[in-house]
Amino acid sequence: MNKMPRILLSLATPVALLCVWEALGNRASPIAPPPQTWLASAAAMLATGELQRAVMATLMTVLLSTFIAGVAGTAMGAILGARPGISDAVAPTFEFLRSVPPPTIVPVAMLLIGSGTVLGATVVSLAALWPILLNVLQATRSIHPTLIHTGQTLRISTRSKVMNIYVPSILPSVIAGLRVAVPLAIIVALLVEMLATRPGIGRMLLSAQRDFDAPAVFALLSTVGFIGVGVNWALESLDRYVSKKLPNIGR
Amino acid sequence: MTSTSYTRRGRQWLLPVALLGAWQLAVMANNGLNVLPTPMEIGRALVESFVEGRLLADAAHTFAAALASWGICLLVGIPLGMALGTFRTLRTMLSLFIELLRPLPAVALIPLAVLVFGFSWRTEITVTVFASIWPLILSSRAGIEGLHARIFEVAATLHLGKWHTLRSVAMPAAFSQILVGARLSFSLCLVVSVVAEMVGNPAGLGWGLVSAQEAMRASETFAYLFAIGVLGVCANYALGFVVRRLLPGLAQAS
């Protein structure tokens, strides 16, 4: 009963802001054109198919890289987590590699592998790898030994061990890692498109800025914003779905 | 005890040294078209740009920009977050707004900032503040929201005014949570200012990295990457130290 006015109130601020902007904004303003010009610009880009192609290109890079990073990060994290000897030995190396900001790999990778098709997928997967790897490593290390011993005592099959002990312990951390990794992947994908002029929203944004096409910049920025909100929502739903489906092992 | 910790130390340093050695040998063995510089060459480039004073000046610029942005984040983020935690109506009004703006990637914002401010330090600071303020807003809000109702009941019993309650009761109680957000915010400031320099402001370590790459000076590119990593590690250690000094009990949490 109290919910409806709350939703209206939370909608009111952005809507009011856009309306004021629309009413007061100068259509020819080089830096802050009103929202209607954004829509016109977006419609023009949609009509030529340019916007769809750019969104698809960026999303493809992000999804492919997240998949690679998810598989590799989970495998590496689980192996390192199960072998404390190895993870002790690699700890300082990881500490340094982790603190190199992922976007700064882009220029180095451009130098080494050129600005071809593989550049995006390589750099973005590398950037998305760390959050997943470190989360899974932590989760694997903190599986309680009693759980594994209980499994041995009950002589459950390997399949059952994987499904009932390892997957429920590790999967939430994979998703927690993804929630950090995917926004990072979007950032790095956009940066690759900007620096290496690969097709995608990043390149369109940069060329719109170079043409002083403010409505296009705002239209593209809103597109990126919608992608960000959509991805956030999808990962949150996945998180909720998985935590409902998994057996409770008292984490 | 000491001997095992020594061997552990030794093993920890073994891998980086072995990797660097293997790198050096591999590049030297493949004595043809080498894009990849050897660690020795990178070290030489590092020393050269350090002696010229370029590296230090660039690092100082990046650090100063990050610090200035962090200051703005602290000044704006903490009061805003605490206000959001205190007033329910304000929270409802701004919740959707924040949810829409927060996932906006910083990189996408750079072209807009360049459009408004040109290729300048204003672009860098604006983008950095926009990207790094969220952890502070959210942690200050959560810090206030998470306080037990009894704390406020005690304040009311003591007849403290609203301002007094906020300053001497709510603020100290929420301090640890705000500190966690402040730490996260500073790490973000450092990263985002480097990124902003790569695309939006031709100065600092980010620009040094990109211009070395564009000039195809491989060893210098790696030297800059290394310097950025070292700056990150140092900042992280310094912050960890400060947090431990301010809040001994928080050492495990962060």
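Residues numbered from 1 in each chain as written. Chains lettered and ligands numbered in written order. Predicted model: local features only at pLDDT ≥ 70, side-chain atom pairs only at ≥ 80, totals over all residues.

**Student:** Would you mind going over the overall build of chain B in detail, with residue names and values included?
**Tutor:** When you go through chain B residue by residue, the secondary structure sums to eleven helices and zero strands. The linear arrangement of helices and strands in chain B, starting from the amino end, is α-α-α-α-α-α-α-α-α-α-α. Based on the C-alpha atoms only, the size of chain B along its principal axes is roughly 80 × 60 × 30 Å. Burial statistics for chain B: of 254 residues in total, 38% are counted as buried. Pairs at least 24 residues apart make up 73% of the contacts formed inside chain B by residues separated by at least 6 positions. (Helix = DSSP H or I, 4+ residues; strand = E, 2+ residues; numbered from the N terminus. Buried ≥ 20, exposed ≤ 12 C-beta atoms within 10 Å, placed from the backbone. Contact = placed C-beta atoms within 7 Å.)

**Student:** Can you lay out the nonpolar core for me, pointing to particular residues and giving the numbers?
**Tutor:** Counting 118 residues, the largest nonpolar core has Ala185, Val188, Leu191, Val217 and Leu220 of chain A as its most contacted members. The element that contributes the greatest number of residues to this core is helix 8 (residues 158-195) of chain A, accounting for 17 residues. Ignoring any residue separated from it by four or fewer positions in sequence, one finds leucine 191 of chain A in contact with Pro103, Val106 and Gly202 of chain A together with Val107 and Val195 of chain B. (Core = buried A, V, L, I, M, F, W, Y, C linked by C-beta atoms within 7 Å.)

**Student:** Got a sec to walk through the interface of chain A and chain B? Specific residues and values, please.
**Tutor:** For an interface, size is often stated in terms of accessible area lost upon the parts coming together. On the side of chain B, 43 residues touch chain A, which itself brings 44 residues to the contact. Those elements that provide at least two residues to the side of chain A that touches chain B are helix 1 (3-24), helix 4 (84-99), helix 5 (105-113), helix 8, helix 9 (201-210) and helix 10 (214-245) of chain A. When grouped by side-chain class, the residues that make up the side of chain A that touches chain B number 33 nonpolar, nine polar and two charged. (Nonpolar A, V, L, I, M, F, W, Y, C, P; charged D, E, K, R; others polar.)

**Student:** Describe the confidence of the model for chain B, with residues and values.
**Tutor:** Residues and elements named next belong to chain B. Per-residue confidence for chain B gives a mean pLDDT of 85; residues scoring 70 or more make up 93%. Across chain B, the element-wise mean pLDDT spans from 75 in helix 1 (residues 2-29) up to 93 in helix 6 (residues 121-132). Taken together, the chains of this predicted complex give a pTM of 0.85 and an interface ipTM of 0.81. (pLDDT = per-residue confidence, 0-100.)

**Student:** I'd like a description of unusual backbone geometry, backed by residues and values.
**Tutor:** Phi is positive for threonine 197 of chain A, which is not a glycine, with a value near 40°. Summarising the element assignment, threonine 197 of chain A is placed in the loop between helix 8 and helix 9.

**Student:** Could you give an account of helix 2 (residues 35-47) of chain A, with specific residues and numbers?
**Tutor:** Residues and elements named next belong to chain A. With 13 residues, helix 2 ought to run about 18 Å at 1.5 Å a step, and its terminal C-alpha atoms sit 18 Å apart, in line with that. Within the span of helix 2, buried status applies to Trp38, Ser41 and Met45. Mapping the buried residues of helix 2 onto a view down its axis gives an arc of 70°, with all of them on the same face. Residues Ala43, Leu46 and Ala47 are exposed on helix 2 and point more than 90 degrees away from its buried face. On its buried side, helix 2 packs onto helix 3 (50-82) and helix 10. Trailing helix 2 by a residue or two, glycine 49 shows a phi angle of about 80°, which is positive. (Expected span 1.5 Å × (residues − 1). Arc of directions from axis to C-beta.)

**Student:** Which residues make up the environment of glycine 204 of chain B, and what are the values?
**Tutor:** If you trace the backbone, glycine 204 of chain B turns up in helix 10 (residues 204-214). Not counting chain neighbours up to four residues away, the residues in contact with glycine 204 of chain B comprise Asp58, His61, Thr62, Ala65 and Glu197 of chain B.

**Student:** With reference to specific residues and values, describe the packing of helix 3 (residues 54-86) of chain B against helix 6 of chain B.
**Tutor:** Residue and element names in this part refer to chain B. Following both chains from N to C, one finds helix 3 and helix 6 inclined at 50°, their axes separated by 9 Å at the closest point. Comparing their axes, helix 6 and helix 3 come out oblique. Judged by the twist between their axes, the crossing of helix 3 over helix 6 is right-handed. Touching Ala65, Ala66, Ala68, Ser69, Ile72 and Cys73 of helix 3 are Trp121, Glu124, Ile125, Thr128, Val129 and Ser132, all from helix 6. (Axes fitted to C-alpha atoms, helices over the stretch in contact; angles between N-to-C directions. Parallel < 35°, antiparallel > 145°, perpendicular 65-115°, else oblique. Left-handed = near helix turned anticlockwise from the far one by under 90°.)

**Student:** An account of the packing of helix 5 (residues 106-117) of chain B against helix 9 (residues 162-199) of chain B is needed here, citing residue identities and associated values.
**Tutor:** A packed helix pair is summarised by two numbers, namely the angle formed by the two axes and the spacing between the axes. Residue and element names in this part refer to chain B. Taken N-terminus to C-terminus, the directions of helix 5 and helix 9 make an angle of 45°; their axes are 10 Å apart at the nearest point. Overall, the two elements helix 5 and helix 9 adopt an arrangement that is oblique. As for the relative orientation of helix 5 and helix 9, their crossing is right-handed in sense. Packed against helix 5, whose contacting residues are Ala106, Val107 and Ile110, the element helix 9 presents Val192, Val195, Ala196 and Val199 at the interface.

**Student:** Tell me about the confidence of the model for chain A, and please be specific about residues and values.
**Tutor:** Mean pLDDT for chain A: 86, with 97% of residues reaching 70 or above. The element-level mean pLDDT for chain A is lowest in helix 4 of chain A, coming to 79, with helix 3 of chain A highest at 92.

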